[in-house]
Amino acid sequence: GDSVTQMEGPVTLSEEAFLTINCTYTATGYPSLFWYVQYPGEGLQLLLKATKADDKGSNKGFEATYRKETTSFHLEKGSVQVSDSAVYFCALKHNAGKSTFGDGTTLTVKP
Amino acid sequence: NAGVTQTPKFRILKIGQSMTLQCAQDMNHNYMYWYRQDPGMGLKLIYYSVGAGITDKGEVPNGYNVSRSTTEDFPLRLELAAPSQTSVYFCASTDRGVNEQFFGPGTRLTVL
């Protein structure tokens, strides 16, 4: 079956540091890939997505590229802020609607 | 659009009590899901539905029941609450294709 593996957390960075959160997946066919963010006390919300190989999703300074050859979708940001502190989930979805989520990576950014 | 709404936001139950967590969406999505999230953990799928009248078990269905009589509503029923069901419960919906899941704000349940 499908699976998503995220780098283990927690991750602690200083403000303005570079962020990478690794995500690799196993799936049949050609799923869409997503990064969701969960702020404290809230539900998950979409951060960015990519729907086919070599697509780059981007939002709020975050980027991730759909790499079919390495089955990866790593999340990056050039300069993190304290307000980026949250839990980040990588996920994949087939057209039939069911999604598979990673376990989440907690990011804490210190001033 | 209100998106996905959940009620209540918080609830404390005694062991053995029953309750229904409500979930509704106004996006005409066919697919709906119930997840639980334990402290510091990821999401675990409890039940899901691919359309009105159709439901199926996820990873952790024991102790829960669902129904889907309309496209909009997908309530989750706890029949005999146990301390192990203390968690935050999220409802989500989506459609076919490349769009994301939309999540509700969650229900924080404590069973004492």
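Residues numbered from 1 in each chain as written. Chains lettered and ligands numbered in written order. Predicted model: local features only at pLDDT ≥ 70, side-chain atom pairs only at ≥ 80, totals over all residues. Heavy atoms only, no water.

**What about the overall build of chain B?**
Working step 1: Scanning chain B from terminus to terminus reveals zero helices and 11 strands.
Working step 2: The order of helices and strands in chain B, counted from the N terminus, is β-β-β-β-β-β-β-β-β-β-β.
Working step 3: Taking contacts inside chain B between residues at least 6 apart in sequence as the whole, the part at least 24 apart equals 54%.
Working step 4: Element-wise, carbon and sulfur atoms account for 52% of the exposed surface of chain B, whose accessible area totals about 5,400 Å². (Helix = DSSP H or I, 4+ residues; strand = E, 2+ residues; numbered from the N terminus. Contact = heavy atoms within 4.5 Å. Areas by Shrake-Rupley, 256 points an atom, 1.4 Å probe, with all protein chains shown as cover.)

**Side note on the pattern of salt bridges**
Between side chains of opposite charge, a pair can form as their charged atoms come close.
All names here are of chain A.
Working step 1: Applying the stated criterion across every chain, the model contains six salt bridges over all chains.
Working step 2: Two residues, Glu63 and Lys56, come together in a salt bridge whose shortest N-O distance is 3.6 Å.
Working step 3: With a relative accessible area of 35%, Glu63 lands in the partly exposed category. (Salt bridge = Lys/Arg side-chain N within 4 Å of Asp/Glu carboxyl O. Buried < 20%, exposed > 50% of the residue type's maximum accessible area, 1.4 Å probe, protein only.)

**Here's the deal with the packing of aromatic side chains**
Residue and element names in this part refer to chain A.
Working step 1: Following the criterion strictly, the structure yields 11 aromatic pairs over all chains and no others.
Working step 2: Plain terms: the ring middles of Phe62 and Tyr88 are 5.6 Å apart, the flat faces sit at 40° to each other, and that makes the pair tilted. Here the residue Phe62 occupies a position in strand E8 (residues 62-65), and Tyr88 occupies one in strand E10 (residues 86-93), the gap between them amounting to 26 residues. The two residues Phe62 and Tyr88 agree in class, both being buried. (Phe/Tyr/Trp six-rings, centres within 6.5 Å; stacked < 30°, edge-to-face > 60°.)

**Points about the state of the cysteines**
Residue and element names in this part refer to chain A.
Working step 1: This structure, assessed with the given rule, holds two disulfides over all chains.
Working step 2: Across the disulfide, Cys23 is cross-linked to Cys90 (sulfur-sulfur distance 1.9 Å). An S-S torsion of about -70° defines the bridge between Cys23 and Cys90 as left-handed. Residue Cys23 is found in strand E4 (residues 23-26), and its partner Cys90 is found in strand E10; the two are separated by 67 residues along the sequence. (Disulfide = S-S within 2.5 Å.)

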